[in-house]
Protein chains: 2
Amino acid sequence: MKKFINDVDDILVESLTGFGRAHADLVEISFDPTFVRRKTPTPAGKVVLISGGGSGHEPLHAGFVGHGMLDAACPGHVFTSPTPDQMIAAAAAVDGGAGTLWIVKNYSGDVMNFEMAAEMAEGEHATVLIVDDVAVENSSFTVGRRGVAGTMIAEKMLGAGAEAGLDLAALKALGDKVAGQTRSMGVAFSSCIVPAAGSPTFTLGDNEMEMGVGIHGEPGRRRVPLASAHDIADEMTGAILQDLAPKAGQQILLHVNGFGGTPLMELYLMYDEAAQILEKRGLKVARSLVGNYTTSLEMAGCSITVTTLDEQLTELWDAPVHTPALRWGR
Amino acid sequence: MKKFINDVDDILVESLTGFGRAHADLVEISFDPTFVRRKTPTPAGKVVLISGGGSGHEPLHAGFVGHGMLDAACPGHVFTSPTPDQMIAAAAAVDGGAGTLWIVKNYSGDVMNFEMAAEMAEGEHATVLIVDDVAVENSSFTVGRRGVAGTMIAEKMLGAGAEAGLDLAALKALGDKVAGQTRSMGVAFSSCIVPAAGSPTFTLGDNEMEMGVGIHGEPGRRRVPLASAHDIADEMTGAILQDLAPKAGQQILLHVNGFGGTPLMELYLMYDEAAQILEKRGLKVARSLVGNYTTSLEMAGCSITVTTLDEQLTELWDAPVHTPALRWGR
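Note that the structure is predicted; figures quoted are calculated from it, not measured. (Residues numbered from 1 in each chain as written. Chains lettered and ligands numbered in written order. Predicted model: local features only at pLDDT ≥ 70, side-chain atom pairs only at ≥ 80, totals over all residues. Heavy atoms only, no water.)

Topic: the overall build of chain A
Turning to step 1, where the next piece is worked out: Counting its secondary structure elements, chain A contains 8 helices and 14 strands.
Turning to step 2, where the next piece is worked out: Its C-alpha radius of gyration of 19 Å places chain A within 12% of the 20 Å reference for a compact globule of 330 residues.
Turning to step 3, where the next piece is worked out: For chain A, the spread of C-alpha atoms along the principal axes amounts to about 50 × 50 × 35 Å.
Turning to step 4, where the next piece is worked out: Evaluated residue by residue, chain A yields a buried proportion of 63% over its 330 residues.
Turning to step 5, where the next piece is worked out: For chain A, the exposed area adds up to about 11200 Å²; of that, 51% sits on carbon and sulfur atoms.
Turning to step 6, where the next piece is worked out: Of note, chain A has its 24 positive side-chain charges centred 5 Å away from the centre of its 40 negative side-chain charges. (Helix = DSSP H or I, 4+ residues; strand = E, 2+ residues; numbered from the N terminus. Rg over C-alpha atoms; globule rule 2.2 N^0.38 Å. Buried < 20%, exposed > 50% of the residue type's maximum accessible area, 1.4 Å probe, protein only. Areas by Shrake-Rupley, 256 points an atom, 1.4 Å probe, with all protein chains shown as cover. Lys, Arg positive; Asp, Glu negative; His and termini not counted. Charge placed at Lys NZ, Arg CZ, Asp CG, Glu CD.)

Structural data, given as structure tokens:
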């Protein structure tokens, strides 16, 4: 295992310390329990958005803490759910008196721990569950569909809604709407290596890929021979469209997300393929995001995410955001 | 070779097409000859900044075309210099009547082709040569030192200077100043695969790393056993400081750059190590940038870049920028 680490047990603390130092203008890091919060206090009356999950998906979630997105993020160890004490401490630290919206990717451990935190934390709260991955129903760590790269789209749109003053009930409804209009599917060319394990999570043959892979390297739909970018994009967008069933002429947000080990050059090529296929199917790619936003450490591969847009969601996407990993408009 | 491609011969065109489509609000792509330019016309009297080089280092350079950075970028094939006709066409397309500043990484092919273009293109021009890599004097593709991740720092600061109305002579002097105050060093854990070659550029043992590696995987100083993040950061910052010889109390910009295949989590950990070491040496880390900005396809590894700051350079760094890969202040 070749990684930039000192001791496997220290990577989360050391990495977060560096993250906090590099972005000291935007965030503050707390340890024991561990969470990342906005540096600026929550304005009174603003609903706070808190997400979290296992580490190893950076910039998700800590990279999205800041104006127009999250108020706090709770990172667990690599690919391990954060614990309720982290979530409770984060909620107490950023509370604005108007309630907490938890944004949770659908993995059994995350769901259980966020539920426990929600029961124990003070104040009003609601939860938006992200289930955008169309690849499989149920999987290694999930009952139902997995939450993957669509999570950051929900975090962006909900963050804009919270800044605009929506109350908790309105944000919960908005979150369910965004989650309901978002679908993803991924593919992997190689495994990542979880530091504590020290060896690849899975192995693929020289000419194999894992179609429908999860963001922890968990199995997808099937292992198939390597195909052209066009054919891969065709299968992924096909699965998404079959499930999402958008109307002709529908405006969409197209997000091509790298898993960490695939060059940007290839991600833009895949974006081009996906955009062409979707437009041939009568959709209009109105907004785009290409890059490594929801990663699986150094896994080679990518996912495609489609969100159907309307005027409200487009406005929320375009609203100013200022976080370590996503910034526009201010 | 597992890559998202259709045909090896088409990757540059297909990837640039996707890039142009995803960032249609900011850039325009021309083919035959190939270059990327800002969508907005150059204001009369503004010096234009043009860079370029082999592809495979994305987001460098095309990702830095836009307000506050480059006016145009000329991408060659993967790890291959662009040709003079690309540069001449780019210069003609963006000319603002106040001259052209070429920003050139020091590789023999790039230097030769930019020199030919400069001789043939119309109007006043000057060239800033980037030679920030302290690892080696001369190398596979270079006489003298290589230009690496410091290039984007020069592009950012020069871009701000050009927006502020500096004339060609002042920008040339500024570029030489930034280049003279910037040093980098890299390390690789694995090789990338150049698509046209189809196999790794070099091989490393399971416990080996290439200290001082170039951004094309070309050899560095020595092949050594894997070490802790602390020891790696210590060797890299040591080499940089020995050459840069900053005064105690000096403010610096610290840039930890991923080569494409290393998780963000590890880059922040390396940033923390480097920042600690530099501050113990009496320096003040005043500005920071962590992420994949000057890549070598999917190579695992990173580089550390230090630029000594003064009031002018800090102001130029902080000035608004709006490009596909770097954005703040607007």
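Some details on the environment of S139 of chain B
Residues and elements named next belong to chain B.
Turning to step 1, where the next piece is worked out: Relative to the helices and strands, S139 is located in the loop between β6 (125-130) and α4 (150-163).
Turning to step 2, where the next piece is worked out: By relative accessible area, which is 22% here, S139 ends up partly exposed.
Turning to step 3, where the next piece is worked out: Sequence separation between S139 and L166 is 27 residues, and the spatial gap between their C-alpha atoms is 35 Å.
Turning to step 4, where the next piece is worked out: Contact partners of S139, with chain neighbours within four places excluded, come to R146 and E218. (Contact = heavy atoms within 4.5 Å.)

Quick word on the relation of the copies chain A and chain B
The second copy of the chain is related to the first by a rotation about an axis and a shift along the axis.
Turning to step 1, where the next piece is worked out: Note on the copies: chain A fits chain B at an RMSD of 0.0 Å, the axial shift is 0.0 Å, and the rotation between them is 180 degrees. Viewed as a symmetry operation, the transformation between the two copies matches a two-fold axis. Proximity to the rotation axis, assessed at the C-alpha, singles out G261 of chain A in chain A; its C-alpha lies 2.3 Å from the axis. (Least-squares fit on C-alpha atoms with pLDDT ≥ 70 in both.)

Things to note about the sheet that holds strand β9 (residues 222-225) of chain A
Residue and element names in this part refer to chain A.
Turning to step 1, where the next piece is worked out: Taking strand neighbours across the sheet as the criterion, the 6 strands line up as β9-β8-β7-β12-β10-β11 in an open arrangement whose pairing is mixed. Here the strands that pair on one side only, and so sit at the sheet edges, are β9 and β11 (284-291). On average, each strand axis in the sheet is inclined to that of its neighbour by 20 degrees, with strand direction left out of account.
Turning to step 2, where the next piece is worked out: Against the sheet, helix α8 (residues 311-318) engages β10 (251-258), β11 and β12 (301-308), with an angle of about 30 degrees to β11. (Pairing = 2+ DSSP bridges. Axes fitted to C-alpha atoms, helices over the stretch in contact; angles between N-to-C directions.)

A closer look at the domain arrangement of chain A
All names here are of chain A.
Turning to step 1, where the next piece is worked out: According to the domain assignment, chain A contains domain 1 (8-181) and domain 2 (182-319).
Turning to step 2, where the next piece is worked out: Taken over C-alpha atoms, the centre of domain 1 sits 22 Å from the centre of domain 2.
Turning to step 3, where the next piece is worked out: A buried area of about 3300 Å², summed over both sides, lies between domain 1 and domain 2, and 64% of it is on carbon and sulfur atoms.
Turning to step 4, where the next piece is worked out: Three residues, F79, V134 and Q181, lead the burial of domain 1 against domain 2; their summed loss comes to 19% of the area buried on that side.
Turning to step 5, where the next piece is worked out: At the boundary of domain 1 and domain 2, one finds 2 salt bridges. (Domains from an automatic or database assignment. Buried area = accessible area lost by both parts, 1.4 Å probe. Salt bridge = Lys/Arg side-chain N within 4 Å of Asp/Glu carboxyl O.)

Some remarks on the interface of chain A and chain B
Turning to step 1, where the next piece is worked out: Every contact between the two is made by 59 residues of chain A and, on the other side, 59 residues of chain B.
Turning to step 2, where the next piece is worked out: Approximately 4700 Å² of surface area, both sides summed, lies buried where chain A meets chain B, with 63% of it carried by carbon and sulfur atoms.
Turning to step 3, where the next piece is worked out: Looking only at chain A, the three residues that lose the most surface to chain B are K2, F4 and M265 of chain A, adding up to 22% of its buried area.
Turning to step 4, where the next piece is worked out: Our enumeration of links across chain A and chain B arrives at 6 salt bridges.

Structural notes on a nonpolar patch on the surface
Turning to step 1, where the next piece is worked out: Judged by side-chain polarity, M112, M116 and M120 of chain A come together as a nonpolar surface patch covering roughly 320 Å² of accessible area.
Turning to step 2, where the next piece is worked out: Inspection of the secondary structure puts M120 of chain A in helix α3 (residues 108-120). (Patch = residues over 30% accessible without salt bridge, like charges linked within 9 Å, V, L, I, M, F, W, Y side chains within 5 Å.)

Observations concerning the sheet that holds β6 of chain B
Residue and element names in this part refer to chain B.
Turning to step 1, where the next piece is worked out: The strand order across the open sheet formed by 6 strands is β1-β2-β4-β3-β5-β6, and the pairing between neighbours is mixed. The sheet is open, and its two borders are formed by β1 (27-30) and β6, each paired with just one other strand. The mean angle between the axes of side-by-side strands here comes to 20 degrees, regardless of whether they run parallel or antiparallel.
Turning to step 2, where the next piece is worked out: Here strand β3 (residues 48-55) pairs with strand β5 (residues 100-105) via 4 bridges, running parallel. Among the inter-strand pairings, L49 is bridged to a residue of β5, identified as L101.

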